[in-house]
Amino acid sequence: MTKSWNDLAELTAPAIDDTFENLLLIDANNVAYRWLQRVNYNNFASDYQRTIQSLTKSYEACRTIVCFDFGRSYYRMSMYDEYKQNRKKPKEEAEAKKYEEFFGVLNSLPETLNEETLKFRGVEADDLIAYAAKHIAKDYRHTWIVSSDRDLYQLVDNDISIFNMFSRREITKQTLEEDFEMTPDEYLLSRIIEGDKS
């Protein structure tokens, strides 16, 4: 598991499977939330691994990088003290215990997955994904991002697309322009103007 920002230089390592040519970037926490409302919310590590393997095969990825959140973003909090302070925490004891058990599994995943993982304290997965998309996507035929986070739409390009596991939709540059009638850059500007209420 990558430990520091300096280790990001290792992202330039050669692809591990020459039968496929794509890069797959996984928003790890985002994908994991699928299990929060399931009966195995506290025992989903094996299912998670199979899901990542299935996505790797479906998107013909020669390289898969699973990116984890690790607390709130330090640099965002340095700009805005109340960053994500409005997010509600579970109040009921049973619900709080459920979240604790769920995150117990989620936090153990970087040590158990077969794929490359990135996790830095004070850095969120979307920042890691953006870094990889900007710096190493050019080395692959196409880059697929797995996430339902709309902030990542700004990364969409001719060679970068997104798969939303919750809606089961693929977001490409063409579909983004058809659905929102704007380019990825225009979408970014709209998000800046609207803000994020979550």
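Keep in mind it's a predicted model, so treat the numbers as computed, not measured.

Parameters and conventions
Residues numbered from 1 in each chain as written. Predicted model: local features only at pLDDT ≥ 70, side-chain atom pairs only at ≥ 80, totals over all residues. Heavy atoms only, no water. Core = buried A, V, L, I, M, F, W, Y, C linked by side-chain atoms within 4.5 Å. Buried < 20%, exposed > 50% of the residue type's maximum accessible area, 1.4 Å probe, protein only. Helix = DSSP H or I, 4+ residues; strand = E, 2+ residues; numbered from the N terminus. Contact = heavy atoms within 4.5 Å. Pairing = 2+ DSSP bridges. Axes fitted to C-alpha atoms, helices over the stretch in contact; angles between N-to-C directions. Phe/Tyr/Trp six-rings, centres within 6.5 Å; stacked < 30°, edge-to-face > 60°.

Caption draft 1: Inspection of the nonpolar core at higher detail. Ranked by internal contacts, the top residues of the largest apolar core, which has 26 residues, are L25, I65, C67, I129, I145 and I162. Counting residues per element, the ones that place at least two in this core are β1 (22-27), β2 (61-68), α5 (125-135) and β5 (160-164). In terms of residue count, α5 provides more of this core than any other element does, 5 residues in total. Discounting chain neighbours no more than four positions away, the residues touching C67 are I26, D27, A28, N29, L118, A125, L128 and I129. If you look at the next biggest cluster of nonpolar residues, it comprises 24 residues, including I26, Y59, L106 and F163.

Caption draft 2: Local environment of the sheet that holds β5. Spatially, 6 strands are ordered β3-β2-β1-β4-β5-β6 in an open sheet, and the strand pairing comes out mixed. Two strands bound the open sheet, and with one partner strand each, they are β3 (116-119) and β6 (169-171). Across the sheet, the mean angle from the axis of one strand to that of its neighbour is 20°, orientation sign disregarded.

Caption draft 3: Region of the structure containing the packing of aromatic side chains. In this structure the tally under the stated criterion is 13 aromatic pairs. Centre to centre, the rings of Y153 and F180 are 6.0 Å apart; their planes meet at 65°, and the pair counts as edge-to-face. A residue pair is termed long-range when its members are at least 10 positions apart, and Y153 in the loop between β4 (143-146) and β5 and F180 in helix α6 (residues 173-180) qualify at 27 residues. A centroid spacing of 5.3 Å and a plane angle of 65° characterise the contact between F180 and Y187, whose relative ring orientation is edge-to-face.

Such coordinate-based values are descriptive only and should not be taken to indicate function.
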